[in-house]
Amino acid sequence: MWDNRCKIAVSGVGYSKVSRTADRPLAAHALDAVRDAVADSGLRMQDIDGLATYPELPATGHAEVDGISIVSVNCMMAMLKLPALTWHIQVGTTNIGGAVQQATNALLAGVCTYAVVWRAMHNPAGTYQNLPGVYAPGAAQFTGPYGFGGPGQGMAVAYTRWLETNNQSRDKMATLAVTQRKHTQHNPHAYFYGTELTREDYFASRMVAYPFCLFDCDIPVQGAVAIVLTTADRARDLKPKPAYIAGYGQRLHFETAGRIGSLSSYMEGGSSSAKLTWERSGFSPKDVDVAQIYDGFSASVIYGLESYGFCKEGEALDFIQDGRIELDGDLPLNTFGGSLGTGRIHGLWHIIEGALQASGRAGSRQVKDANVSFVGASAPIVTGTTFIFVGDPY
Amino acid sequence: MSDWSKVTRPIPVPNEWTKPFWDAARQGVLALQRCRSCGHVQHPPYATCTQCIGVDLTFEPVRGVGAIYAYTIMYHTGDKRFASAVPYASIVVELDDAPGALLAANLLDADYTEAKVGRRVEVMFEKLTDDITLPQFRLAAG
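Residues numbered from 1 in each chain as written. Chains lettered and ligands numbered in written order. Predicted model: local features only at pLDDT ≥ 70, side-chain atom pairs only at ≥ 80, totals over all residues.

A. Highlighting the interface of chain A and chain B. Facing 39 residues of chain A, the contacting portion of chain B comprises 31 residues. Split by residue class, the side of chain A that touches chain B holds 19 nonpolar, 16 polar and four charged. Across two bridges, strand E6 (residues 207-210) of chain A lies against strand E5 (residues 65-74) of chain B in antiparallel orientation. Within the sheet, the bridge partner assigned to A:Tyr210 lies in E5(B) and is B:Ile73. (Contact = placed C-beta atoms within 7 Å. Nonpolar A, V, L, I, M, F, W, Y, C, P; charged D, E, K, R; others polar. Pairing = 2+ DSSP bridges. Helix = DSSP H or I, 4+ residues; strand = E, 2+ residues; numbered from the N terminus.)

B. Looking closely at the sheet that holds strand E11 (residues 373-376) of chain A. Residues and elements named next belong to chain A. Across the sheet, which stays open at both edges, the nine strands sit in the order E3-E2-E4-E8-E1-E9-E12-E11-E10 with mixed pairing between neighbours. Strands with a single pairing partner mark the edges of an open sheet, and in this sheet they are strand E3 (87-90) and strand E10 (290-293). Neighbour to neighbour, the strand axes of the sheet diverge by 25° on average, direction disregarded. Where helix H2 (residues 73-80) meets the sheet, its contacts fall on strand E2 (50-53) and E3, and the angle it forms with E2 comes to roughly 140°. In the packing of helix H3 (residues 96-109) onto the sheet, the strands contacted are strand E1 (8-15), E2, E3, strand E4 (114-121), strand E8 (223-231), strand E9 (243-250) and strand E12 (385-390), and the crossing angle to E4 comes to about 170°. (Axes fitted to C-alpha atoms, helices over the stretch in contact; angles between N-to-C directions.)

C. Highlighting the confidence of the model for chain B. Overall, the prediction assigns chain B a mean pLDDT of 95, with 99% of residues at 70 or greater. Per the prediction output, this complex has pTM 0.97; the corresponding ipTM is 0.97. (pLDDT = per-residue confidence, 0-100.)

D. Fine view of the nonpolar core. In terms of nonpolar packing, the biggest core is built from 158 residues, with A:Ala30, A:Val116, A:Val117, A:Ile227, A:Phe389 and B:Val92 touching the most fellow members. Tallying contributions element by element places helix H1 (residues 26-41) of chain A first for this core, with eight residues. Leave out the neighbours within four places in its chain, and A:Val116 touches A:Val34, A:Ala37, A:Val38, A:Ile48, A:Gly50, A:Leu51, A:Ala226 and A:Val228. (Core = buried A, V, L, I, M, F, W, Y, C linked by C-beta atoms within 7 Å. Buried ≥ 20, exposed ≤ 12 C-beta atoms within 10 Å, placed from the backbone.)

E. Here's a closer look at the sheet that holds strand E2 (residues 31-35) of chain B. Here we have three strands laid out as an open sheet, ordered E3-E2-E4 (chain B), and antiparallel in their pairing. Strands at the two margins of the open sheet, each flanked by one partner only, are strand E3 (41-42) and strand E4 (57-61) of chain B.

F. Up close: helix H9 (residues 299-307) of chain A. Residue and element names in this part refer to chain A. With respect to burial, H9 is a largely interior element, nine of its nine residues being buried. Burial in H9 covers these residues: Ala299, Ser300, Val301, Ile302, Tyr303, Gly304, Leu305, Glu306 and Ser307. Downstream of H9 by one or two residues, glycine 309 has phi in the positive range, about 100°.

G. Examining H3(A) more closely. Residues and elements named next belong to chain A. In this model, H3 (14 residues) spans 20 Å end to end at C-alpha, consistent with the 20 Å of a helix rising 1.5 Å per residue. Along H3, 11 of the 14 residues are buried, which leaves the element largely enclosed by surrounding structure. The complete set of buried residues in H3 reads Ile96, Gly97, Gly98, Ala99, Val100, Gln101, Gln102, Ala103, Thr104, Ala106 and Leu107. One or two residues past the end of H3 sits glycine 110, with phi positive at roughly 80°. (Expected span 1.5 Å × (residues − 1).)

H. Up close: the packing of helix H8 (residues 263-281) of chain A against H9(A). Residue and element names in this part refer to chain A. It is the contact of H8 with H9, at a shortest axis distance of 8 Å, that shows an interaxial angle of 50°. Taken together, the axis directions place H8 and H9 in an arrangement best described as oblique. Relative to H9, H8 is oriented so that their crossing is right-handed. On H9, the residues touching Tyr266, Met267, Gly270, Ser271 and Ala274 of H8 are Tyr303, Gly304, Glu306 and Ser307. When grouped by side-chain class, the residues that make up the contact of H8 with H9 number four nonpolar, four polar and one charged. (Parallel < 35°, antiparallel > 145°, perpendicular 65-115°, else oblique. Left-handed = near helix turned anticlockwise from the far one by under 90°.)

I. Looking closely at the packing of H1(A) against H2(A). Residue and element names in this part refer to chain A. At their nearest, the axes of H1 and H2 sit 11 Å apart, and the two run at 70° to each other. The angle between H1 and H2 places the two elements in the roughly perpendicular class. By crossing handedness, the relation of H1 to H2 is classed as right-handed. On the side of H1, the interface is formed by Ala27, Ala30, Leu31 and Val34, while H2 contributes Cys75, Met76 and Met79. Of the residues contributing to the contact of H1 with H2, the split by class is seven nonpolar, no polar and no charged.

J. Representation of the pairing of E4(A) within the structure. Residues and elements named next belong to chain A. Of all eight residues that make up E4, eight are buried, and the element is covered over most of its length. Of the two faces of E4, the one holding Tyr114, Val116, Trp118 and Ala120 and the one holding Ala115, Val117, Arg119 and Met121 are both buried throughout. Two strands pair when backbone bridges link them, and E4 and E8 are joined in this way by eight bridges, in the antiparallel orientation. For alanine 115, the partnering residue across the bridge sits in E8 and is leucine 229.

K. Representation of the pairing of E5(B) within the structure. All names here are of chain B. Most of E5 is tucked away, with eight of its 10 residues classed as buried. Relative to strand E8 (residues 120-127), E5 runs antiparallel, the two sharing three bridges. Bridged to glycine 66 within E8 is valine 121. Pairing analysis gives eight bridges linking E5 to strand E6 (residues 88-95), with the strands arranged antiparallel. Of the residues in E6, the one forming a bridge with isoleucine 68 is valine 93.

Now the structure itself:
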């Protein structure tokens, strides 16, 4: 087990309004989320001395403009002018989960005391994922000419591979979409709060990139979420009940650029990350009370459930049936609605929910007696990170 | 069947690592990168052998027959250049001569509903410009 388990905790969490279009500069969303998280902790902004983010725009073919389509550390610091800042980072080889892990490391090293991590996501006007322009350079020279565009199609090919080699049916995925939308009705911050989804809606929806229909894809939105991390002893003096980080992992499987459709890269990315998380925390999948698994596209949940070890390969769509992932099921899953419910804000919201469930702060969607709370914070393939939060340190 | 006649495809830009692939394709030959040290065949081309880290790499013709490893049917018309072809099958092919090397392509000369994992396919060539010819795939006879 990890010597540093339960030494760092998530304290406050914060949200901006999630909107369909870029009605305000993204910097304003990020600022709202950061202020909300700091206030949730009962801290003053000048107490914050660490900043971390993953300032990426996943929409292809759009410009990254700081404050408009991304919010970098530079942008945040230029707004906040924190008097006590002692540490900051932007991560690149991991998704937002890596920023949370780096903040954890910085707190353990004692180079900051209250770190804020935010994820701000822009929804550009026009088509979200664009194919290359007139020319397809780099890795796209082998994919773009054939109409392969963004990550949706990349994940869709792995999904057909999974479905047909395992003799499975995409119809079973309706359970995930409908159950998560049900969970969404307990999350007033989510884009789809107040909008129900039935199995009939799922089956009637238009196909986007088979096997993905509309409701297999998270809706692009504009918004931001943020968390405050601090040491366990400091967290206990703050307003919210802390959610302790019992262990974390990063994916250790690497692929050469431009390889498309490989199911094994999802599975090996996920299992390598989860293995570290189980070993460090001392827990195993059967100990988990509640799980958040990244669901930017629905099939990501399959790769997560299987590669993290919750079920065997080829069985994930059977595993999620019969009420298992309901709030009172054996493994309540994506209890905040997931990205399919909140809109495309990436994995920091999964981390937030993992922390809230561990600390008993999830309100009407709280899983009863939840303590061991698992998070897979992004698609396991390339930038995957995993976490376990607990409410009771050990 | 998908109508490709009105589709304007992005044109591949060869670089120093990939130029032999496109030079061969222009001649109607499918050539993949092979490691002279361990014999591993890989795609897309890479700076080193992904099996033994060897740097002595060459391009050699391979038989253009294999199976559909995975596929997606594209319905989304976000990119108007491809809108006239939807729904169309974008496939990933694993060649008999290059296990583990995955080639993207479209399934041509067949309904998109014919795309299935494991189905046998063979290479064909689609001229794009004077410089660029795309390897593509159709269902294999028999």
